[in-house]
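Chain by chain, the residues:
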Protein chains: 2
Amino acid sequence: MAATRSTGRRERLRAETTAEIKLTALDLMRSGGPDAITLRAIAREMGMTANAIYGYFATRDDLVTALIADVYTALADAVDTAWADSARRAPAERITAWAHAFRDWALTNPEGFRLIYGDPVPGYQAPAGGPAPDAARRVCVGIAALADAARAGTEPAPDESGFTWDDFDPGLLHKVRPAFPDLPPAGVALALRIWGHLHGLITLEVYGHLRAQTFAPDKLFRSELDQLVRTLNLGR
Amino acid sequence: MAATRSTGRRERLRAETTAEIKLTALDLMRSGGPDAITLRAIAREMGMTANAIYGYFATRDDLVTALIADVYTALADAVDTAWADSARRAPAERITAWAHAFRDWALTNPEGFRLIYGDPVPGYQAPAGGPAPDAARRVCVGIAALADAARAGTEPAPDESGFTWDDFDPGLLHKVRPAFPDLPPAGVALALRIWGHLHGLITLEVYGHLRAQTFAPDKLFRSELDQLVRTLNLGR
DNA sequence: GCGAAAACTATACGGCGTGAAGTTTCTGAA
DNA sequence: TTCAGAAACTTCACGCCGTATAGTTTTCGC
């Protein structure tokens, strides 16, 4: 017990420093973009030496990986919350709420969005399996929920899509199928396609490509959602 | 005349070196990703000093901007060619051809795609107006052509979208409206939405997010196009 | 109180973009 | 043909970066 308490103190300090490093990194990212995440800048900000950080993260990439996981989790939390908060509403409204939560998070945290989905940081190599597969799957499952909610409002179309379970990552299916037992393979495909739709519009907007063409990206996004709801046969 | 010939020679050498710099940079990008584009590496490859490049590009960002313009032009050429080559086919097939050309180019040149649409290079700041607004608009016009081809196959739906010409960049409209005089504002919005759909799926695929979830991204893309053709009322 | 482990610093290396100054090469006119 | 000047290019320097190695200080468990 005494030993536990002692190591507990060390571990607590360690955890605090680890958290401070990540927080400082996120601060730097917010003010200077993902490129501003440098070990030396973090150390400078914290009044340490750059090498001290190596006691907490083996390499800069490890730190970035941890940041991606954290930020991705925050995104997943945001959309999950929107979904849960709209539990009593109609599917069309829930889908709209989910999608708006997704876009709002991205526009509020553009640097975080770029960290997750773009080239995070100069020379960064994502570790095998991706840095935040769990959060990524949470987002996918969220979209599967959209697809499932839609399916509930329409007759089960004959599955002529040609998709089978073998087309999808087992890790994803492991999360999706128990949650939505009636969702067919084509439903998962639909979910991924919807993901692509939203991701594309948001990415173009976050990276400034959309704003070069239209002054009303929000109107465009709403229009997209209207069309989505209509496509899913949820009525307007 | 003599003077012209002389300056002509200097200018020719200069143009050749400029081209060699860009070519070397693209080579480095292809083999090592956008991050590999460094002045020193280019110079090393060319047997010069890094500072010699400053005689041709004022900063590294200027070089990157020129590269983006070139690569974006290559992309625009690729999709324009696909569109032109399918001139005698049905709209549904043309749209499919265009979209496949877009995706094929992206998958064949993932580094170029990331250069255009991602964070091009550490610390790169795009100049005002974007590096390749012309190529970007060419791509947008291409998608407007898709939307216009679709519109031709369907009755003009009452425009309840709420879009007006004021919602769009004049530079874009300047190219789109003369080419497609009957396309309403909602048609431009549709074009941008389609752009978003394709861009999203392709981006997720190029950045590896999609492959983490499905083994059949191509099937997914075809499914997306089927749905697009159906949505546009172009028949199967 | 002490030995060990953990946390942290100092120094160094090579790579990066880029500024300033110096050198070579080419050119167009006297 | 020679020569001033411009253009092309090199050298050196600075301050960034990640990170490896070695040394120092602080802290903890006994």
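All values reported here derive from a predicted model rather than from experimental measurement.

Here is what the cut-offs are and how they apply
- Residues numbered from 1 in each chain as written.
- Chains lettered and ligands numbered in written order.
- Predicted model: local features only at pLDDT ≥ 70, side-chain atom pairs only at ≥ 80, totals over all residues.
- Heavy atoms only, no water.
- Contact = heavy atoms within 4.5 Å.
- Buried area = accessible area lost by both parts, 1.4 Å probe.
- Salt bridge = Lys/Arg side-chain N within 4 Å of Asp/Glu carboxyl O.
- Polar contact = N/O pair within 3.5 Å; in protein donor to acceptor, adjacent residues only side chain to side chain.
- Phe/Tyr/Trp six-rings, centres within 6.5 Å; stacked < 30°, edge-to-face > 60°.
- Helix = DSSP H or I, 4+ residues; strand = E, 2+ residues; numbered from the N terminus.
- Buried < 20%, exposed > 50% of the residue type's maximum accessible area, 1.4 Å probe, protein only.
- Least-squares fit on C-alpha atoms with pLDDT ≥ 70 in both.
- Expected span 1.5 Å × (residues − 1).
- Domains from an automatic or database assignment.
- Nonpolar A, V, L, I, M, F, W, Y, C, P; charged D, E, K, R; others polar.
- Core = buried A, V, L, I, M, F, W, Y, C linked by side-chain atoms within 4.5 Å.
- 1 Å grid on protein atoms, 1.4 Å probe; cavity = no way out; pocket = protein on both sides within 12 Å on 5 of 7 lines; lining within 4 Å.
- Points joined across faces, edges and corners; volume = space filled by probe spheres on them.

A.B. asks: Sorry, what's going on with the interface of chain A and chain B here?
C.D. replies: How big an interface is tends to be stated in terms of accessible area lost as the parts join. Across the contact, 46 residues belong to chain A and 46 residues belong to chain B. Counting the surface lost from both chain A and chain B, the interface buries some 3,900 Å², and carbon and sulfur atoms represent 59% of this. Among the residues chain A hides against chain B, the three largest losses belong to A:Asp119, A:Arg193 and A:Gln213. Together they make up 20% of the total. At the junction of chain A and chain B, the tally comes to 6 salt bridges. Note that B:Asp167 is salt-bridged to A:Lys219, the shortest N-O span being 2.8 Å. Along the contact surface separating chain A from chain B lie 21 residue pairs in polar contact (both at pLDDT 80 or more).

A.B. asks: Explain the packing of aromatic side chains here, please?
C.D. replies: In this description, an aromatic ring pair is defined by two values, namely the gap between the centres and the angle between the planes. In the structure shown here, the tally under the stated rule is 8 aromatic pairs over all chains. When the centroid spacing of 5.5 Å and the interplanar angle of 70 degrees are considered together, the rings of A:Tyr72 and A:Tyr117 count as edge-to-face. Taken together, the positions of A:Tyr72 in helix H3 (residues 60–85) and A:Tyr117 in helix H5 (residues 110–117) put the pair 45 residues apart, joining distant regions of the chain. The same class applies to A:Tyr72 and to A:Tyr117, which are both buried. The interplanar angle of 50 degrees and the centroid separation of 5.0 Å between the aromatic rings of B:Phe113 and B:Tyr117 together place this pair among those described as tilted.

A.B. asks: In this structure, what is going on with the relation of the copies chain A and chain B? I would like to understand it.
C.D. replies: One copy of the chain maps onto the other through a rotation about an axis plus a displacement along that axis. Laying chain A over chain B is done by rotating through 180 degrees and shifting 0.0 Å along the axis; what remains is an RMSD of 0.1 Å. One copy is carried onto the other by what is essentially a two-fold rotation axis. Identified as the residue of chain A closest to the rotation axis by C-alpha distance is A:Gly200, at 1.6 Å. With an isologous cut-off of 70% or more, the 100% of interface residues of chain A that recur at the interface of chain B puts this contact in the isologous class.

A.B. asks: Is there a simple way to think about helix H6 (residues 133–152) of chain B in this case?
C.D. replies: An α-helical turn contains 3.6 residues, so a residue and the one three or four places further along point in the same direction. Over its 20 residues, H6(B) runs 28 Å from end to end, which matches the ideal 28 Å to within 8%, given 1.5 Å per residue. Of all 20 residues in H6(B), 15 are buried; the element is thus mostly enclosed.

A.B. asks: When you look at the domain arrangement of chain A in this model, what are you seeing that I'm missing?
C.D. replies: Residues and elements named next belong to chain A. In terms of domain boundaries, chain A breaks down into domain 1 (1–58) and domain 2 (65–231). With centres defined by C-alpha atoms, the gap from domain 1 to domain 2 works out at 31 Å. If you look at the interface, domain 1 gives 10 residues, while domain 2 gives 11 residues. Across the domain 1/domain 2 interface, buried area totals approximately 830 Å², and carbon plus sulfur atoms make up 76% of it. Its largest share of buried area at the contact with domain 2, domain 1 owes to Lys22, Met29 and Pro34, together 53% of the area lost on that side. On inspection of domain 1 and its partner domain 2, the count reaches 1 salt bridge. Between Lys22 and Asp70 there is a salt bridge whose closest N-O contact spans 3.0 Å. The tally of links between domain 1 and domain 2 comes to 1 residue pair in polar contact (both at pLDDT 80 or more). Residue composition of the side of domain 1 that touches domain 2, by class: 6 nonpolar, 1 polar and 3 charged.

A.B. asks: Would you explain the environment of B:Asp169 in this entry?
C.D. replies: You can see B:Asp169 is positioned in the loop between H6 and helix H7 (170–179). The sequence separation of B:Asp169 and B:Asp104 amounts to 65 residues, and the corresponding C-alpha distance is 28 Å. Those residues within four positions of B:Asp169 in sequence are excluded, and the remaining contacts are A:Ala212, A:Gln213, A:Thr214, A:Phe215 and B:Arg137. At 3.0 Å, the side chain of B:Asp169 and the backbone nitrogen of B:Gly171 are in polar contact.

A.B. asks: Honestly, the side chain of A:Ser86 in this entry has me stumped. Any pointers?
C.D. replies: Residues and elements named next belong to chain A. Along the chain, Ser86 turns up in the loop between H3 and helix H4 (91–108). Of the polar contacts made by the side chain of Ser86, one reaches the backbone oxygen of Trp83; its length is 3.1 Å. Those residues in contact with Ser86 that lie beyond four places of it in its chain are Arg94 and Ala97.

A.B. asks: Sorry, what's going on with the nonpolar core here?
C.D. replies: Generally speaking, a soluble globular protein has its nonpolar side chains buried in company with each other. By size, the foremost hydrophobic cluster in this structure holds 154 residues, and its most contacted members are A:Tyr72, A:Trp98, A:Trp195, B:Tyr72 and B:Trp195. Excluding its chain neighbours within four sequence positions, the residues that come into contact with A:Trp98 are A:Val79, A:Ala82, A:Trp83, A:Val139, A:Gly142, A:Ile143, A:Leu146 and A:Leu198.

A.B. asks: So what exactly am I meant to see when it comes to the layout of surface pockets here?
C.D. replies: It is the rolling of a water-molecule-sized probe over the atoms that shows where space remains empty. Reported here for the second largest pocket is a volume of approximately 840 Å³. A:Gly118, A:Pro120, A:Tyr124, A:Ala126 and B:Tyr207 are, among the 39 residues lining the second largest pocket, the residues nearest its centre. Contributing elements (two or more residues each) for the lining of the second largest pocket: H3 and helix H6 (133–152) of chain A together with helix H5 (110–117) of chain B. Top element by residues in the lining of the second largest pocket is H6(A). It accounts for 3 residues. Split into classes, the residues belonging to the lining of the second largest pocket amount to 20 nonpolar, 11 polar and 8 charged.

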